[in-house]
Amino acid sequence: MKENWQEQLQTLLNCDLKTLYPLARSLNRKLEFYVGPTNSGKTYNAMQKLKEANSGLYLAPLRLLALEGYEDLKESNIEASLITGEEQLLNEEAAHVCSTIEMLDFDLDVDVAIIDEVQMLEDADRGWAWVNAIIGCPAKKVIMTGSVNALDAVKKIASYLGEELEIVKHQRKNKLIVLEKWTSLEKLEDGTALIAFSRSDVLKLKQKLQKRYSVSVIYGNLSPEVRRDEARRFREKKSQILIATDAIAMGLNLPIKTILFTTDTKFDGVSKRKISVNEIVQIAGRAGRFGLFEAGYLGATRRDVLNYIAEEFEAPIKTIKPPFKVKINNNQLEALASHIKTNSLTKILKFFADNMVFSGPFVAANISSMIEAAKIVDTKFNLKLEEKYLLAQAPITAKSTIIIQAYDAYIASVIKKRVCHYKPSITLPKKAITQKDLLLVEDEVKKISLYLWLSYKLPELFPDHDKAYILRNSFNSFIEKSLRGNLIQEENPKRFSHERKDKKESKESRFKKDRNIDKSYKPRTRKAN
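Scanning the chain for helices and strands turns up 18 helices and 20 strands. Relative to the globule expectation of 24 Å for 529 residues, the C-alpha radius of gyration of the chain, 24 Å, shows essentially globular dimensions. When each of the 529 residues of the chain is scored for burial, the buried share is 53%. Look at the contacts in the chain between residues 6 or more apart in sequence, and 76% of them connect residues 24 or more apart. Side-chain charges of the chain comprise 85 positive and 69 negative groups, with the mean position of each set lying 6 Å from the other.

Attention now goes to unusual backbone geometry. Residue Pro323 is bonded to the preceding Pro322 through a cis peptide linkage, with omega at 5°. Assignment of secondary structure puts Pro323 in the loop between helix H10 (303-313) and strand E18 (324-326). If you check the backbone angles, Asn39 has positive phi at about 70° while not being a glycine. Relative accessible area serves as the criterion here: at 8%, Asn39 is assigned to the buried category. For Asn77, which is not a glycine, the phi torsion comes out positive at approximately 60°. By secondary structure assignment, the location of Asn77 is in the loop between helix H4 (63-75) and strand E4 (80-83).

Turning our eyes to something else, we now look at the pattern of salt bridges. For the structure shown, the criterion picks out 34 salt bridges. Between Arg273 and Asp268 there is a salt bridge, with its nearest N and O atoms 3.0 Å apart. Looking at Asp268, the relative accessible area reads 37%, which means it is partly exposed. Of the charged contacts, one joins Asp378 and Lys388 as a salt bridge, the two residues approaching to 2.9 Å between their closest N and O atoms. Taken together, the positions of Asp378 in the loop between helix H13 (368-377) and helix H14 (385-392) and Lys388 in helix H14 put the pair ten residues apart, joining distant regions of the chain. Lys388 sits in the buried class, given a relative accessible area of 4%. Through salt bridges that share partners, Arg63, Glu86, Glu87, Glu225 and Arg472 make up one connected network.

A separate point is the sheet that holds strand E10 (residues 175-178). Hydrogen bonds along the backbone pair up the strands of a sheet, which may run parallel or antiparallel. The six strands are arranged E10-E17-E14-E11-E13-E12 in an open sheet whose pairing can be described as parallel. With partners counted over all chains shown, the strands left at the sheet margins are E10 and strand E12 (215-218), one partner each. Pairwise comparison of adjacent strand axes, ignoring direction, gives a mean angle of 20° for this sheet. Where strand E11 (residues 192-195) and strand E14 (residues 258-261) come together, four bridges link them in parallel fashion. Residue pairing for E14: Ala193 is matched across the bridge by Ile259. Each of E11, E12 and strand E13 (241-244) touches helix H7 (residues 199-209); the most contacted strand, E13, lies at about 155° to it.

In this section: the packing of aromatic side chains. Here the structure, examined in full by the defined rule, presents nine aromatic pairs. Ring centres of Phe352 and Phe358 lie 6.2 Å apart, and the angle between their planes is 75°; this geometry places the pair in the edge-to-face category. This pair shows no difference in class: Phe352 is buried, exactly as Phe358 is. With 5.6 Å between their ring centres and 70° between their planes, Tyr422 and Tyr451 make a pair best called edge-to-face. Of this pair, Tyr422 sits in the loop between helix H15 (401-416) and helix H16 (435-457) while Tyr451 sits in helix H16; the two residues are 29 residues apart in sequence, bridging distant segments of the chain. Note on Tyr422: relative accessible area 0%, which makes it buried. The rings of Tyr410, Tyr422, Tyr451 and Phe462 are connected pair by pair, giving a single aromatic cluster. It is Lys274 that lies over the ring of Tyr308; its NZ or CZ is 4.8 Å from the centre.

Spatially, E5-E4-E6-E3-E7-E8-E2-E9 is the arrangement adopted by the eight strands of the open sheet, whose pairing is mixed. Single-partner strands in this sheet number two, and they are strand E5 (88-89) and strand E9 (164-169). With five bridges connecting them, strand E7 (residues 110-115) and strand E8 (residues 139-146) associate as parallel partners. Residue pairing in the sheet places Ile115 in a bridge with Met144 of E8. Across the sheet, H4 touches strand E3 (56-60), E4, E5 and strand E6 (96-100), and the angle it forms with E6 is around 165°.

The side-chain alternation of E14 yields two buried faces, one formed by Thr258 and Leu260 and the other by Ile259 and Phe261. Relative to strand E17 (residues 295-300), E14 runs parallel, the two sharing four bridges. Paired with Thr258 across the strands is Tyr297, a residue of E17.

What counts and what doesn't
- Residues numbered from 1 in each chain as written.
- Predicted model: local features only at pLDDT ≥ 70, side-chain atom pairs only at ≥ 80, totals over all residues.
- Heavy atoms only, no water.
- Helix = DSSP H or I, 4+ residues; strand = E, 2+ residues; numbered from the N terminus.
- Rg over C-alpha atoms; globule rule 2.2 N^0.38 Å.
- Buried < 20%, exposed > 50% of the residue type's maximum accessible area, 1.4 Å probe, protein only.
- Contact = heavy atoms within 4.5 Å.
- Lys, Arg positive; Asp, Glu negative; His and termini not counted.
- Charge placed at Lys NZ, Arg CZ, Asp CG, Glu CD.
- Salt bridge = Lys/Arg side-chain N within 4 Å of Asp/Glu carboxyl O.
- Pairing = 2+ DSSP bridges.
- Axes fitted to C-alpha atoms, helices over the stretch in contact; angles between N-to-C directions.
- Phe/Tyr/Trp six-rings, centres within 6.5 Å; stacked < 30°, edge-to-face > 60°.
- Lys NZ or Arg CZ within 6 Å of the ring centre and 35° of its normal.

In short, shape yes, function no, at least from these values alone.
Structure (structure tokens):
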């Protein structure tokens, strides 16, 4: 007997996740979890297993780590391909692939797959990618690496799948010692990393300390290429001190002897709060790189911060609790749109989160960045639902005027099926004078990343991949150079206009006028690696 509309909807709204990945289910997979703290060798050991396999896959949380995995395989004379949202270096001879986790191909089966930093399944915006990978990665052996707070979560998912799970425990290879006294900024040893929790605080510390020390900086708004260059300078002892946000908590093997927290509070996007024991442990683990130091040291630059850090460091790690978040997929999107008769992506996403029920320890969830993008694409006419869904997954940030204006222009090209060539929003000055100048260039690099992402999804409409890639190298070189100089922090920084070009004065001319740039100046470019 045929199901009526209501019954069909109920069937659709009850989902058993594991059935969505038939290839993974057919492989009789074995799961392994290499669990342990930072500096325990778990990722190294997992990579050795990957190198021994006839075919393999490394799934990274960051583009930077995917690139490091790719280079590691190549240095071991193993042919490999690299696939991220912004670049694809494909080798037809390769049986190994390194990719960011969101780019996992669920139809490509391999012998061994590594899912790195599996504790990221708790992440509010990206955790869904780790959930999908654990359930659907098509490999005979799936090796997960991560910290102990993910252990119960991995066990629960393995139990739901009914798949064999082996837990391989790793111990830190050297001691991590909490310092008894706070450390003055005037008495920093070489190999020290100072931790702040905002771009502004990192650059303030840089300005304060660079008269006394040579300094490298790492923070989230920097592109992976610049972070890598700053890390290289620190690794090669061209800088004595590293000043960083918690962006160093994942990836980037650095020769840090001592980690010093400059504060014990951070703004998490919603409110200012004390940092958690999990955050402290993850960051502190970067101190005392095994093979370089006999021990790592943890401290702070203020007495009150040290007291808090020392107490929290001894507290139990907080375990990741279910339910684990699941994002809507393309088939569910189309089916729900048909049933509730709407082309509004925002409405479909809300209906999914409110009504979808999953078997096992999972919950339907919406991703905040996707909701932000959905609200933008829903204001545009003549966009198909599948186009809205694609565009809503683009890497954008609503905080940047440059990126939002570019996003609007790129959406218009999709609607009109008009080729969109990459055009910079700013003209590079000879150097950044203020932190605001630098931020504009950092945002331009993010805009290039958005264009590169679209160039892979819609290459006919966004054909300037090579041009954008070369320009990104030029902008990154500019940022690297600027970070080595003095940057003025303006008390009331002048807002640079981001008006359309048909306004009285363009962004380019304002930027040039404000910085008194020679009009003949052209951005320096370097050959793409």
